[in-house]
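Listed here are the chains, written in short residue letters.
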Amino acid sequence: MIFKKLQDRFNVMILIVATIFIAIAFQLASIMLVQGDHYREQAENRIVKSIPATAARGEIRDRYGRLLAGNRPSFTLQIMKNEVVDESINEVALKLIEILEEDDNRYNDDFPIVFTEEGDYAFTYDMEIESWKMRHSLEEVKSAVDAFEILRRRYDIQGDVTIEEIVEAEENRIALEIQQQFIEIPNLSVPISILTWKFIDEMRKDQWLQGYHITDFEVSAYDAFKMLREEIYKIPETYSDLEARKIMVVREHLRNQGYLQYQPVKLAQDISASAVAQIEENIYDLPGVNIAVEPIRYYPNDKLASHLLGSLGKISQQHEIDRFVRELNYLASDIIGKTGLEHSFEETLKGKDGSQRMIVDARGRLIDVVERKEPIPGDTLYLTIDANLQRVAEETLEEVLTTLQAGGIYESRWGNTNYLGTSGRMSNATSGSVVVTDVKTGELLALANYPSYDPNNFATGISMTDWQALMPENERDPLAPRPLQNIALSTAIQPGSTFKMAVGLAGIDQGLSPKYEILDRGFIQVGGHSFGNWLWNTRRGTMGRQNLAQAIAQSNNYYFYSLANGYDYGSSRPLPIRMNMDILVDYTKKLGLDERTGIEIQVPRERSGGVPSIENKLRTVKVMLRNHLNRQMSVEDLDETKVEVSRIVLDEIIEQIVDWADENPSRGVLYNRLLELGLREEKVSLYTDIVKYSYYNQARWSVADTMNFAIGQGEHTYTPIQMTNYMAILANGGYRYNVSTVRKTQSFDGSNTMLYPPELVEKIELNDYGNLDEVNYGMLMVTESSISNIGSARNYFNQFPIKVAAKTGTAQRSGKIPPIDEEVYLKQHMRSFQVSEEAVALKTDELMEANRDNARFQDRGYAMRQAIKALNPSIKDADLDRFKEDYDHYAWFTGFAPYDDPEIAITVLIFQGGSGGYGAPILREIVAEYMGLNALEHQEPFMIDNRLAR
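An unreviewed UniProt entry annotates the protein chain as Penicillin-binding protein, transpeptidase originating from Alkaliphilus metalliredigens. Entered under Sequence similarities (unreviewed entry) in the UniProt record, the comment concerning the protein chain runs "Belongs to the transpeptidase family."

Attention now moves to the overall build of the protein chain. Scanning the protein chain from N- to C-terminus turns up 35 helices and 31 strands. Along the three orthogonal principal directions, the C-alpha set of the protein chain runs to about 140 × 85 × 65 Å. Looking at the 950 residues of the protein chain, the share that counts as buried comes to 52%. The contacts of the protein chain with a sequence gap of at least 6 include a subset with a gap of at least 24, amounting to 71%. A total accessible area of about 44,000 Å² is found for the protein chain, and carbon and sulfur atoms account for 49% of it. Of the charged side chains in the protein chain, 100 are positive and 140 negative, and the gap between their average positions amounts to 3 Å.

On to the UniProt feature "domain: Penicillin-binding protein transpeptidase" (unreviewed entry) in the protein chain, then. Following the UniProt record, one finds the feature "domain: Penicillin-binding protein transpeptidase" (unreviewed entry) at residues 432-609 and 696-815. As a span, residues 696-815 carries 28% helix and 18% strand, and end to end its C-alpha atoms are 24 Å apart.

Attention now moves to the environment of isoleucine 185. Summarising the element assignment, isoleucine 185 is placed in the loop between helix 7 (173-184) and strand 6 (192-193). Residue classification places isoleucine 185 among the buried residues on the basis of a relative accessible area of 18%. Separated by 377 residues in sequence, isoleucine 185 and serine 562 have C-alpha atoms that sit 34 Å apart. When residues no more than four places from it in sequence are discounted, the contact partners of isoleucine 185 are Tyr155 and Ile157.

Okay, the side chain of threonine 437 next. By the secondary structure assignment, threonine 437 is in strand 17 (residues 432-438). Among residues more than four places away in sequence, those in contact with threonine 437 are Glu443, Leu444, Leu445, Thr724, Ala728, Glu903, Ile904 and Ala905.

A few words on the packing of helix 5 (residues 144-154) against helix 7. Running from N to C, helix 5 and helix 7 cross one another at 60°; their axes reach a closest spacing of 11 Å. Considering their axes alone, helix 5 and helix 7 lie oblique with respect to each other. For the pair helix 5 and helix 7, the crossing hand works out as left-handed. Judged by residue contacts, Phe148, Leu151 and Arg152 of helix 5 engage Ala175, Ile178 and Phe182 from helix 7. Looking at side-chain class alone, the contact of helix 5 with helix 7 contains 5 nonpolar, no polar and 1 charged residues.

The subject of this paragraph is the nonpolar core. Val434 and Val927 are the most contacted members of the largest nonpolar core, which has 109 residues in total. Aside from chain neighbours lying at most four places away, what touches valine 434 is Ala393, Leu397, Ala446, Leu447, Ala448, Ile906, Thr907, Val908, Ile922 and Ile926.

What counts, and at which threshold
Residues numbered from 1 in each chain as written. Predicted model: local features only at pLDDT ≥ 70, side-chain atom pairs only at ≥ 80, totals over all residues. Heavy atoms only, no water. UniProt positions renumbered as here; feature names shortened; annotations may be inferred. Helix = DSSP H or I, 4+ residues; strand = E, 2+ residues; numbered from the N terminus. Buried < 20%, exposed > 50% of the residue type's maximum accessible area, 1.4 Å probe, protein only. Contact = heavy atoms within 4.5 Å. Areas by Shrake-Rupley, 256 points an atom, 1.4 Å probe, with all protein chains shown as cover. Lys, Arg positive; Asp, Glu negative; His and termini not counted. Charge placed at Lys NZ, Arg CZ, Asp CG, Glu CD. Axes fitted to C-alpha atoms, helices over the stretch in contact; angles between N-to-C directions. Parallel < 35°, antiparallel > 145°, perpendicular 65-115°, else oblique. Left-handed = near helix turned anticlockwise from the far one by under 90°. Nonpolar A, V, L, I, M, F, W, Y, C, P; charged D, E, K, R; others polar. Core = buried A, V, L, I, M, F, W, Y, C linked by side-chain atoms within 4.5 Å.

Listed below in structure tokens is the structure:
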């Protein structure tokens, strides 16, 4: 009975299961047979995509919240590698490029083989190397080692070692030091690896070839192109080489994606609406293609504050790949900050990308969003600058430079300025800089350089045409206008008379009364040198007896010569204080002139100070001696009975002579040593006198060096931003702050804020802080005709309602402006050198061949100069250069305002501006904007307050 019941239950279960299976089978049959076509169509036409959503870059705003750098929506053309159909990839790639080119859209073309205008095939890597060589007059140089050596010699860097010693040094120690000095030179980039001694682009080319398993690094661009076309990508012959290259542009992007095939490749950014429309119309024939709306960097004020904000660019350098792609998981196609604050705060400004999984049909049309992860914008950067003050600084700087070049009249409500001085038009005054800081906090209020650039051109990666437009017309001229150069941070030159306040402060803080008067007798004779006051040098005038304030006001060199040497030359007696170079250097360093200001910008790196020292002078003299001997000594000067007559031996002798500069032997000892080294006896006396009296004796610190130190000439080198910080210390009672550009960062939703308070470095140590007032009063006398009729800048401020303390300065710039092409210049003036062009050409070739191991002779312009001098021994270098234009001096104007309660410090620097006073109208207009004068309809009464938010 029990068994029967169990059997009945089992039968029931079988019946239920059977019924279910029959139902399932019936449903499957219905789906597969009856509705099969319908579901098949849906499956084929519905694709699940995972699309990353690029986060907006954090905004950059001024201290009042005005937008300096934001974002705007743009169309980005993407290709998904995992969705591309292999059979149609060539057609898809070519179609996309043709659509983009039809409307002049830029696309990411990193394929390094191009067609030249002559129809040849060329590696872009080789073209970059040749372009760099041309910019630095190194066209004839073959190897990276030779290029490195020529530049090292050209810039007088570590001339006491040979290139062989540099290359073979343990851990590249010497090369690293030289490379660091290269970095400190404005406008010089040396793309040479000291690990492989190859050009960086040469290494990139090798790496690219290896990526395609091409081991012959000498392969021609044509052969490499054919290998890739036929063996790697197998592009049919039905496509032309031009079309094949376009295809390979796209296919290489996909190939480089590697295992990240589910991440889209960005082929083009910020494409036009018409291109988007064409792609959408053809989307069915473009599998894997997607148009995404992404934020793109946008600078609404174009060039405003460009050197401060910085520029963007593609991830390209190896260290960038290691840092951003491998460590921080950036996409290889991401844009990053390359310079300025965009670089320094890259990780703050970079948002967190989102994504969305969506269902689209075969035509790419959205059906449904399955999952969405919203992107998180980067943090907003609030700066210390005032956009309006920045604009006034930039516009005034440009207007003054333009007027100065034309020799015209600069018009202002505060007085007109005639820029046609006694020296005529300053036609080469094409560059300049202005820095403004808050003296009470160290905050940067404005930083302007001219010329500048539009950072919008870098937002998606700059084109070659736009890049070339930013290059100087004359690369050989270090003072040629360079839009990318951040003059305020990277140009360090002599401060001229603006340094006199530092010397004056040192003197009175050591105990000299600021009322002590020194009689100006015009000039001071030191050995064979005459050091004159500027008034004596220009019209044989003198300034009579002057105290500190008067000496600052009239820029009395004689007073500061005396003060720095601790000797009253007017009365022929020592000053009643202790004064020496150690004291002067100490006060210079106290004023921050030997250190960086601490500004947050890392690229370009801020130049550090250059306070003169005995060690630096010895180093400089040794370099000059080496260069002189390399120019004048030849193997013909060697005595073949004593030494081997060869260039190697001569180089060893020169290095030995240079090393003796530390010892400075007597003339007799030096004469005997030169004989023993192997110089011909008839040459020994000549070289003994040159080496001993022109170099060894000059290597010691002398009274003459102190004279130059006192008036800001000689070996001083400071940047405009350093000079502004120096002014701030004088104005604020001796407090040294780091210069800051950022007030705070704030998350996009305001939930997280990080403040950047002012950074006080120190209150400088002085014996009497009241001495700062004495120095500052002298600066007031420079501009105030109501208290002095001798101020060097009083005429620029006699209609100005704000009291300003300031100082003019002129930094000497000697030498000739190099032509764009030395060889062309020499040919143009060949008749004047009394040699024939044919003879010079033959001699040049002969010298280059005979000196193949001498890197200098690989510069054809240099070799041609030597050829002319060899053919006409009466010709000297000065004769060869006499048709070149002279450099004009740098012009400084620096100060602070208002005098009674200082708030801002300002420094103006004009390249080849001639007179320091020419920068006064710029400073004046900035003070007027800061104090709100430009916003006032009525000038009286002058109840003026600081506009800046604290």
